[in-house]
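# Observations on the model geometry
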Protein chains: 2
Amino acid sequence: MDDLEVRELRYFVAVAEELNFSRAAERLGISQPPLSRAISQLERRLGVQLFERDTRGVAVTAAGQTMLTEARTALEVMSRVARRTRRAGWAVPTLVTTAKPGIASGLLGRIVEVYAALPGSPRVEIVVSGYRQQADMVRDGRADAALLSSPCDERGLDSEPLTTEPRVAALPAAHRLARRSTLRCSDLHGERMPRWSGATPEECVYWSGRDRTDGPGRGVGAHQPEVTVPGPVVNDPTELLEVVSLGQAVALIPASLAEANLRTDIAYRPVDDASPYTVAVAWTRGARSPVLNSFVRSAIDVTTSEQGTAAPHVS
Amino acid sequence: MDDLEVRELRYFVAVAEELNFSRAAERLGISQPPLSRAISQLERRLGVQLFERDTRGVAVTAAGQTMLTEARTALEVMSRVARRTRRAGWAVPTLVTTAKPGIASGLLGRIVEVYAALPGSPRVEIVVSGYRQQADMVRDGRADAALLSSPCDERGLDSEPLTTEPRVAALPAAHRLARRSTLRCSDLHGERMPRWSGATPEECVYWSGRDRTDGPGRGVGAHQPEVTVPGPVVNDPTELLEVVSLGQAVALIPASLAEANLRTDIAYRPVDDASPYTVAVAWTRGARSPVLNSFVRSAIDVTTSEQGTAAPHVS
DNA sequence: CTGGCCCTATACCCTGGAGGCATGGATGAT
DNA sequence: ATCATCCATGCCTCCAGGGTATAGGGCCAG
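Residues numbered from 1 in each chain as written. Chains lettered and ligands numbered in written order. Predicted model: local features only at pLDDT ≥ 70, side-chain atom pairs only at ≥ 80, totals over all residues. Heavy atoms only, no water.

Right, let's get into the overall build of chain A. A count of helices and strands for chain A gives 9 helices and 12 strands. Classification of the 315 residues of chain A by burial places 46% in the buried group. Long-range pairs, those at least 24 residues apart, make up 70% of the contacts in chain A with a sequence separation of at least 6. (Helix = DSSP H or I, 4+ residues; strand = E, 2+ residues; numbered from the N terminus. Buried < 20%, exposed > 50% of the residue type's maximum accessible area, 1.4 Å probe, protein only. Contact = heavy atoms within 4.5 Å.)

What follows is the structure in C-alpha cells.
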C-alpha cells in the first residue's frame, strides 16, 4: 500500500547507526522529539518493531537489521538517480572515469587516450579518487566507469578483469622470513600490516592475501578470521616501503610495484597462495550503453596489447 | 545536496509512461496542475530538462530516458525495503519461495521437502505465481527465492542453474515439418506460436528459441529480429497442446513436457539450435544469508540426485 | 533514600508545501 | 471561427513535519 519515504529511511539509518535518538537527531539536523515520532510512525506503519528501547540506549532488532541493509542500498540508489540524471543532462555528453592515483595517471590515462581517439566517443573525464572510493563513485553515479584494484567490494557492479599479477611480500631485509625463498599466507599471520589512510582497521585484512568477495554460486564459504595485525598508516607506496624498510611492518604488494622499487633494504618474496592483484574495469550493473561498451572494449584492448609486451616479473 | 523523494519519482515515471500530464495525474489520483508543478520543480532542482513539451503531447528527453530507468529501479528498491522489513518482522521466520504452477507443485515441492527436513530450517512457504512473475517477486521482496524457467529476465538476481533439457517443437501430426526428423530455429520462422496468458505479444519471442539475456561481459550482442508470429493465448500446457493439435500453432516446449504428453495427433521434433530449457534457483543479488544458502544447496542437491535417475528423453 | 543525569515519549503550536479549483494560453481539428 | 485538447499559473486550504516545553523512567553519587 503505502511506500516508504526517503526521509524515513534516512532517519531510520541515523538512529540505527547512532543507537541514540538525540545524537541521531543532531546528525540529521532536527530535534529529538520529531525523530522519535517518525520512528514510531514508521514502526506502526510497517507493523514491525525496529528498535528495542530499553531506557538506556537503543538496540536494533532482527527486523531492524535487515531493514538497515535494505535502507542503505535504497538510499544509495536514490542518490544515484539524481546524480545520473544531472549528468545525463549535461550539454556535452561526458563519460566520467575514475581510478586511484597511480592507475589514473598510468593505465587509465592510456585507455582514455585510445578511447578518445575512436570516432564518436564523447568527452572523457578522469577523476582521481582516494582509498577504495572508486566502487562507491560508480555505485552512486558520480562516475560511469572505474578501474578497481582487487581485492575490493564489487557489490552492485559489473566488471571485466584487465590485468592480473602475483603479489609478493615486502619484508625488511633482516626479517626472519626473508631467508625463505617463497612464503605462504599463513607465514604472515601475526605480522603487522600497513594500513592505507582512510581504511578502517578491519579492512586491513584485505591486504592479508584473501579476497573479501565470496566466490559466486556454490561457494558458501565461511570467513576464516584473519590474524594479521593492523600496523602504521601510510599514504602512498613510497611511504609503505619506507615503513617496511624501517622494520615496522610487512606488506603484500603487487609484483610490478616491487619491480619498480628494487632496494637493498627490502626483500621481496612471492607468496604462493595470496590472491593475485588484479585490476578490473567496472561499471554499474546492467548499464550497457554503446558509449560504455566501447570504453570497456578499449580498456580490454589496451591491457591485452600491453600484457604481451610487459617486462617479466621479478622472481 | 537535496535528495529526490519517492513521490517525485512516481510522478515522473507516471508522466514518462503516459506521455500526458492529465492521464498521468488521473493515474496518480491527483489533479493535473499539482503534477505539472511538481515536474517543473523537479526539473528546476535537477537543472535538467526531462520532458519536451510541445503543446500537443509530451516527449521524453535523453536525460529523461536515463532518469526513467534509474527511477524505475529506485522505486523497485524502495518498495522492496518495506516488504523485506515486514517479512523480517514476522513472528515465525519464514522463507518464501515461488515458482510457476507445474514446477511449484513438482520440483519446488520436493526441494522444500528436503530443505524443511534439515535441522534449524525455518518455516517455508510456497507461493504459486503466474506468468513470469517469479523474478519480479524476488526483486520486490515478496519472495526470498524462486525457481525460474528460462529464458527469462534475471536482471538484479543471482541464480544457480538446476536442470537443463533440450526443447522440442510440438507440431500438428499433419504439419509439413513433422516429416523432418530434426528442425532448426529458422524452420519455425513464420509459424504461429502460442502466447501464455499475461505475456505481451513481443514476449512471444521468448518462446522462439532464443535467449533474451545478453551474454555477460564481452558479448556486446545486437538482437536479431524474430519472425515468428504471435498465435492464440493459452493458460496451461494442456491448452497449449490442444491448440497445437488443432493446427492453430506450433510450440517450443521442454522435452520432459513432450515426454509426459505423448499423443498421436502431435509430433515432437528436436530443434537443434533452440536454447535449452533450464530451471534455475534465483535470489536477490548479494543476499546470502545462511538460511538462503542452505536452501540453494538443497535445490542443487535435489536436482543433481534426480538428474542421475531421470528417464531418458524422447528423441 | 534522594536528587541530579541521561534517555525517550507526549503535548501543543506553527509553518511550509502539497493538492484542489479556476483559469489562462497555445495549438490543432472541424 | 469555434471548439477541443493540453499544459501552465494563481490562489486558497489543510495537513504533516518540525520546534519548544515537559513528563516519565532508569542509573549513579552521595
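Here the narrative resumes.
We now examine the protein's contact with DNA strand C. Taken together, 20 residues lie around DNA strand C, and Phe 21 and Ser 36 of chain A together with Tyr 11, Ser 31 and Arg 37 of chain B are the ones closest in. Each atom of DNA strand C within 4 Å of the protein was assigned to sugar, phosphate or base; sugar and phosphate come to 60%. Within the backbone of Phe 21 of chain A, an N or O atom sits 2.8 Å from a phosphate oxygen of DNA strand C. In this structure, a base nitrogen belonging to DNA strand C sits 3.0 Å away from a side-chain N or O atom of Gln 32 of chain A. Of all the secondary structure elements, the ones that give two or more residues to the surface near DNA strand C are α2 (21–28) and α3 (32–46) of chain A together with α1 (6–18) and α3 (32–46) of chain B. Its residues placed into classes, the surface near DNA strand C shows 7 nonpolar, 8 polar and 5 charged. (Near = heavy atom within 4 Å. Polar contact = N/O pair within 3.5 Å; in protein donor to acceptor, adjacent residues only side chain to side chain. Nonpolar A, V, L, I, M, F, W, Y, C, P; charged D, E, K, R; others polar.)

Here the focus is the pattern of salt bridges. Side chains that differ in sign of charge can pair as their charged atoms come close. Scanning all chains against the criterion turns up 36 salt bridges over all chains. Here Arg 27 of chain A and Glu 17 of chain A are joined by a salt bridge, their closest N and O atoms 2.8 Å apart. One end of the pair, Arg 27 of chain A, is in helix α2; the other, Glu 17 of chain A, is in helix α1 (residues 6–18), with 10 residues separating them in the sequence. A relative accessible area of 36% means that Glu 17 of chain A is categorised as partly exposed. Arg 84 of chain A is the partner of Glu 70 of chain B in a salt bridge, and the nearest nitrogen-oxygen pair spans 2.4 Å. In this pair, Glu 70 of chain B sits in helix α4 (residues 62–88) while Arg 84 of chain A sits in helix α4 (residues 62–88), so the two residues belong to two different chains. The buried category is assigned to Arg 84 of chain A, whose relative accessible area is 12%. (Salt bridge = Lys/Arg side-chain N within 4 Å of Asp/Glu carboxyl O.)

Right, let's talk about the sheet that holds strand β11 (residues 266–270) of chain A for a bit. Residues and elements named next belong to chain A. Strand order in the open sheet made by the 3 strands is β10-β7-β11, with antiparallel pairing throughout. With one partner strand each, in any of the chains shown, β10 (251–254) and β11 form the two edges of the open sheet. Shown here is a sheet whose adjacent strand axes are inclined to one another by a mean of 40 degrees, direction ignored. Two elements, strand β7 (residues 167–172) and β11, share 5 bridges in a ladder whose sense is antiparallel. Counted as the bridge partner of Ala 170 is Tyr 268 from β11. (Pairing = 2+ DSSP bridges. Axes fitted to C-alpha atoms, helices over the stretch in contact; angles between N-to-C directions.)

Turning our eyes to something else, we now look at the interface of chain B and chain A. Interface extent is often summarised as the accessible area lost during association of the parts. Counting residues at the interface gives 40 residues for chain B, matched by 41 residues for chain A. With both sides pooled, the region where chain B packs onto chain A buries about 3600 Å², and carbon together with sulfur makes up 58% of that total. Where chain B touches chain A, the interface holds 6 salt bridges. With its nearest N and O atoms 3.3 Å apart, the salt bridge here joins Glu 70 of chain A to Arg 80 of chain B. Viewed at the interface, chain A and chain B are joined by 8 residue pairs in polar contact (both at pLDDT 80 or more). Put simply, the parts of the chain that give the side of chain B that touches chain A at least two residues each are α1, α3, α4, β6 (157–165) and α9 (290–309) of chain B. Broken down by element, the side of chain B that touches chain A gets its largest block of residues, 17 residues, from α4 of chain B. Looking at the side of chain B that touches chain A, its residues break down into 19 nonpolar, 7 polar and 14 charged. (Buried area = accessible area lost by both parts, 1.4 Å probe.)

Where α4 of chain A contacts α4 of chain B, the two axes come as close as 9 Å, and the packing angle between them is 170 degrees. With respect to α4 of chain B, the element α4 of chain A is oriented roughly antiparallel. Per-class residue counts for the contact of α4 of chain A with α4 of chain B are 16 nonpolar, 6 polar and 6 charged. (Parallel < 35°, antiparallel > 145°, perpendicular 65-115°, else oblique.)

Further remarks concern the packing of α1 of chain B against helix α2 (residues 21–28) of chain B. Residue and element names in this part refer to chain B. Direction vectors running N to C along α1 and α2 enclose 130 degrees, while the axes themselves pass 8 Å from each other. Classified by the interaxial angle, the pair formed by α1 and α2 is oblique. Judged by the sense of rotation from one axis to the other, the crossing of α1 with α2 is right-handed. On the side of α1, the interface is formed by Arg 10, Tyr 11, Val 13, Ala 14, Val 15, Glu 17 and Glu 18, while α2 contributes Phe 21, Arg 23, Ala 24, Arg 27 and Leu 28. Taken together, the residues of the contact of α1 with α2 sort by class into 7 nonpolar, no polar and 5 charged. (Left-handed = near helix turned anticlockwise from the far one by under 90°.)

Counting residues in each nonpolar core, the largest one holds 62 residues, and the members touching the most others are Phe 12 of chain A together with Phe 12 of chain B. Taken together, the elements giving at least two residues each to this core come down to α1, α2, α3 and α4 of chain A together with α1, α2, α3 and α4 of chain B. Not counting residues up to four positions away in its chain, the partners in contact with Phe 12 of chain A are Ile 39, Leu 42, Leu 50, Phe 51, Gly 64, Met 67, Leu 68 and Ala 71 of chain A. (Core = buried A, V, L, I, M, F, W, Y, C linked by side-chain atoms within 4.5 Å.)

The next thing to look at is the protein's contact with DNA strand D. As a matter of local geometry, DNA strand D sits amid 21 residues, with Tyr 11, Ser 31 and Arg 37 of chain A together with Ser 36 and Arg 53 of chain B nearest to it. In DNA strand D, atoms within 4 Å of the protein come 61% from sugar and phosphate. Contact distances for DNA strand D include 3.0 Å between a base nitrogen and a side-chain N or O atom of Gln 32 of chain B. Between DNA strand D and Arg 37 of chain B, the relevant distance is 3.2 Å, taken from a base nitrogen to a side-chain nitrogen or oxygen of the residue. The set of elements that each furnish at least two residues to the surface near DNA strand D consists of α1 and α3 of chain A together with α2 and α3 of chain B. Tallied by class, the residues present in the surface near DNA strand D amount to 7 nonpolar, 8 polar and 6 charged.

Right, let's talk about unusual backbone geometry for a bit. Excluding glycine, residues mostly carry a negative phi; peptide bonds, for their part, are mostly trans. Of note in the backbone geometry, Leu 19 of chain A takes a positive phi value of approximately 55 degrees without being a glycine. Within the element layout of this structure, Leu 19 of chain A appears in the loop between α1 and α2.

Residues and elements named next belong to chain A. The residue Ser 150 is located in the loop between β5 (145–149) and β6 (157–165) in this model. According to the relative accessible area criterion, Ser 150 is buried, its value standing at 10%. Through-space distance from the C-alpha of Ser 150 to that of Val 279 is 6.2 Å; in sequence the pair is 129 residues apart. Apart from residues lying up to four places away in sequence, Ser 150 is in contact with Pro 276, Tyr 277 and Thr 278.

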